[in-house]
Amino acid sequence: MEGPQAAAGGPVSLHNFSARLWEQLVHFHVMRLTDSLFLWVGATPHLRNLAVAMCSRYSRGPRWPGRAQVPLGDGALCSLPGPEAEDSIPVSTSLLGDTSDTTSTGLAQRLARKTNKQVFVSYNLQNADSNFALLVENRIKEEMEAFPEKF
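Here is what the cut-offs are and how they apply
- Residues numbered from 1 in each chain as written.
- Predicted model: local features only at pLDDT ≥ 70, side-chain atom pairs only at ≥ 80, totals over all residues.
- Heavy atoms only, no water.
- Helix = DSSP H or I, 4+ residues; strand = E, 2+ residues; numbered from the N terminus.
- Buried < 20%, exposed > 50% of the residue type's maximum accessible area, 1.4 Å probe, protein only.
- Core = buried A, V, L, I, M, F, W, Y, C linked by side-chain atoms within 4.5 Å.
- Contact = heavy atoms within 4.5 Å.
- Phe/Tyr/Trp six-rings, centres within 6.5 Å; stacked < 30°, edge-to-face > 60°.
- pLDDT = per-residue confidence, 0-100.
- 1 Å grid on protein atoms, 1.4 Å probe; cavity = no way out; pocket = protein on both sides within 12 Å on 5 of 7 lines; lining within 4 Å.
- Points joined across faces, edges and corners; volume = space filled by probe spheres on them.
- Nonpolar A, V, L, I, M, F, W, Y, C, P; charged D, E, K, R; others polar.

J.: For unusual backbone geometry, give the residues involved together with the corresponding values.
T.: In most cases, non-glycine residues show a negative phi, while peptide bonds are predominantly trans. For Trp 22, which is not glycine, the phi torsion reads 50° and is therefore positive. Mapped onto the fold, Trp 22 is located in the loop between β2 (12-21) and β3 (24-32). The class for Trp 22 is partly exposed, based on a relative accessible area of 49%. One non-glycine residue with positive phi stands out, namely Glu 23, at about 65°. Looking at where Glu 23 falls in the secondary structure, it is placed in the loop between β2 and β3.

J.: Describe the nonpolar core, listing the residues and the values that go with them.
T.: Residues Val 41, Val 136 and Ile 140 are the most contacted members of the largest nonpolar core, which totals 23 residues. Those elements that place two or more of their residues in this core are β2, β3, β4 (36-42), α1 (103-115), β10 (118-124) and α2 (130-146). Ignoring anything within four residues of it in the chain, the contact list for Val 41 reads Val 26, His 27, Phe 28, Ser 122, Tyr 123, Asn 124, Leu 125, Val 136 and Ile 140.

J.: Tell me about the packing of aromatic side chains, residues and numbers included.
T.: In this description, an aromatic ring pair is defined by two values, namely the gap between the centres and the angle between the planes. Per the stated rule, a full pass over the model turns up two aromatic pairs. Ring centres 4.5 Å apart and planes at 5° place the aromatic pair Phe 17 and Phe 28 in the stacked group. On the criterion of sequence distance, the pair formed by Phe 17 in strand β2 and Phe 28 in strand β3 is long-range, its members being 11 residues apart. As far as burial versus exposure is concerned, Phe 17 and Phe 28 are alike and both buried. Pairing Trp 22 with Phe 132 gives two aromatic rings, centres 5.5 Å apart and planes at 40°, and the pair type is tilted. Remark: Phe 132 occurs in helix α2 and Trp 22 occurs in the loop between β2 and β3; sequence separation between them is 110 residues.

J.: Go over the confidence of the model for the protein with me, naming the residues and quoting the values.
T.: Low-confidence regions, as indicated by low pLDDT, have predicted coordinates that should not be scrutinised in detail. Scored by pLDDT, the protein has a mean of 83; 73% of the residues are at 70 or more. Segment residues 1-6: pLDDT under 50, and 17 contacts once partners within four positions in sequence are set aside and those in other chains are kept. Low confidence marks residues 58-64, where pLDDT is under 50. Its contacts with residues over four positions away, or in another chain, come to 18 contacts.

J.: Can you lay out the layout of surface pockets for me, pointing to particular residues and giving the numbers?
T.: Each pocket or cavity is described by its volume, and for the second largest pocket that value is around 240 Å³. Mapped by element, the contributors of at least two residues to the lining of the second largest pocket are β10 and α2. Residues of the lining of the second largest pocket, tallied by class, amount to four nonpolar, seven polar and four charged.

Right, here's the structure in full:
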């Protein structure tokens, strides 16, 4: 594993690290912006897909248990999240690449929930094994714990 590299200065922070997982060298590139995060994961310099996820603080619609109802100017009601909203799944979509590959989207959702930021993820590894993807995600979480200011 190579040591982390970082470049900070202003609202954008870059952080690069690598790890050897199952005999494959995996590179990670993190770009922290003011209210969002871009994460690229890969072994070779390609951008084959891109997904985005973000937490939704408000939800329009019918009354839900545990939610306060706030009237809006147009006569509609806005449901403010109650305590159970913390467990809600962030909204996400695939922006680029094969939409049937949900690795980037799923990772973006979990990181958006953890960081409470808009998260862009580009996962560019050929190994589709779910155990390998879990190793990759665990390595990202280790780096987040070691360098929280970079995320």
